[in-house]
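Chain by chain, the residues run as shown.
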Amino acid sequence: LAAVPDVYRLIATTGDESGRLLELPTGIRDGTTGVGNFNASSQYFQTAHRRPLIGGYLSRISRWRISENQRAPMLRALFALSEGRQLPAEQMNQARRARVAFLRRSCVRFVVVNKRRASNDLQAFAVEALGLRRVHEDAAYVLFTPADPPACEPPPRLARRRLTDVRRWRKPLQ
């Protein structure tokens, strides 16, 4: 088995079990498409820290899911920088203004930067735009936490309609 880096074991030892992990570079991908630069090792390392991830790998990503992620100014900026693209100043400013909303909805409480994979531009932008505070650093990774994060308020999950619940699907009688 591959060794899990110490930074992920450190996250697992924190007393706070709430919050998600954002690993940089980040992205979402499936077998044929992707946005950003997601590395599958993130999911293996998740077995040690046991936190939900921002981004990831799914067997199929719908166009709607990609579009939804791209609508969020912070994710749009992080995905673009994770791909090595440069951002227009206005897009960077939109992401900065969206910090509180992003942290509130995503519940990010830990950010791990892979120093070998994340560009200097991505690292600098994330630290500044997310208001990150360094907690730990080793040769390969830097662990950050957002300074003064807002309370976590994830969006409500869409209620799934069951086909057997005919009352919802039937037109009212007149």
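Residues numbered from 1 in each chain as written. Predicted model: local features only at pLDDT ≥ 70, side-chain atom pairs only at ≥ 80, totals over all residues. Heavy atoms only, no water.

J.: Now, about the nonpolar core: what can you tell me, with residues and values included?
T.: In this structure, Leu-22, Leu-24, Met-74, Leu-78, Val-111, Phe-125 and Leu-130 are the most contacted members of the largest nonpolar core, which totals 27 residues. Looking at this core, the elements that each hand over two or more residues are strand S1 (20-24), helix H4 (73-82), helix H6 (99-106), strand S5 (108-114), helix H7 (120-129) and strand S7 (141-146). For this core, the element with the highest residue contribution is H4, accounting for seven residues. Setting aside residues no more than four positions away along its own chain, Val-111 makes contact with Leu-21, Leu-22, Leu-24, Leu-132, Val-142, Leu-143 and Phe-144. (Core = buried A, V, L, I, M, F, W, Y, C linked by side-chain atoms within 4.5 Å. Buried < 20%, exposed > 50% of the residue type's maximum accessible area, 1.4 Å probe, protein only. Helix = DSSP H or I, 4+ residues; strand = E, 2+ residues; numbered from the N terminus. Contact = heavy atoms within 4.5 Å.)

J.: So, the packing of H4 against H7: which residues are in play, and what are the values?
T.: Close contact between H4 and H7 brings their axes to 9 Å; oriented N to C, the two are set at 160 degrees. With respect to their mutual orientation, H4 and H7 come out roughly antiparallel. For the pair H4 and H7, the sense of crossing is left-handed. Contacts from Met-74, Ala-77, Leu-78, Leu-81 and Ser-82 in H4 reach Asp-121, Leu-122, Phe-125, Ala-126 and Ala-129 in H7. (Axes fitted to C-alpha atoms, helices over the stretch in contact; angles between N-to-C directions. Parallel < 35°, antiparallel > 145°, perpendicular 65-115°, else oblique. Left-handed = near helix turned anticlockwise from the far one by under 90°.)

J.: I'd like a description of the side chain of Glu-23, backed by residues and values.
T.: Along the polypeptide, Glu-23 turns up in strand S1. Despite its burial, Glu-23 pairs with no opposite charge; the closest candidate is Arg-117, at 5.1 Å N-O. One polar contact links Glu-23 to Tyr-8, side chain to side chain, over a distance of 2.8 Å. Residues in contact with Glu-23, not counting those within four places in the same chain, are Tyr-8, Ser-42, Val-112 and Tyr-141. (Lys, Arg positive; Asp, Glu negative; His and termini not counted. Salt bridge = Lys/Arg side-chain N within 4 Å of Asp/Glu carboxyl O. Polar contact = N/O pair within 3.5 Å; in protein donor to acceptor, adjacent residues only side chain to side chain.)

J.: How would you summarise the confidence of the model for the protein chain if you had to cite specific residues and measurements?
T.: Looking at the protein chain, pLDDT values average 80 and 72% of them are 70 or higher. Mean pLDDT values for the elements of the protein chain range from 44 in helix H8 (residues 166-169) up to 97 in H7. Confidence drops under a pLDDT of 50 for residues 158-171, and excluding neighbours within four residues, the segment shows five contacts in the predicted structure. (pLDDT = per-residue confidence, 0-100.)

J.: Residues and numbers for the sheet that holds strand S6 (residues 132-137), please.
T.: Pairing within the open sheet is mixed, and its four strands lie in the order S1-S5-S7-S6. Each end of this open sheet is capped by a strand with a single partner; those strands are S1 and S6. Ignoring which end each strand starts from, the neighbouring axes of this sheet average 25 degrees apart. (Pairing = 2+ DSSP bridges.)

J.: Give me the lowdown on the pattern of salt bridges, citing residues and values where you can.
T.: Under the counting rule described, the total for this entry stands at six salt bridges. In this structure, Arg-85 and Glu-83 form a salt bridge, with 2.7 Å as the shortest nitrogen-oxygen distance. On the basis of relative accessibility, which here comes to 37%, the residue Glu-83 falls in the partly exposed class. Lys-115 is paired through a salt bridge with Glu-137; the nearest N and O atoms lie 2.9 Å apart. With Lys-115 in the loop between S5 and H7 and Glu-137 in strand S6, the pair connects residues that are 22 residues apart, well separated along the chain. With relative accessibility at 28%, the residue Lys-115 sits in the partly exposed group.

J.: Outline unusual backbone geometry, supporting the account with residue identities and numerical values.
T.: In this chain, Leu-24 is followed by Pro-25 through a cis amide linkage whose omega measures 0 degrees. Looking at the element boundaries, Pro-25 is found in the loop between S1 and strand S2 (27-29). Its identity is not glycine, yet Cys-107 carries a phi of approximately 60 degrees, on the positive side. Among the structural elements, Cys-107 can be located in the loop between H6 and S5. Judged by relative accessible area, Cys-107 falls into the buried class, the value being 6%. At Asp-148, a residue that is not glycine, the phi angle is positive and equals roughly 50 degrees.

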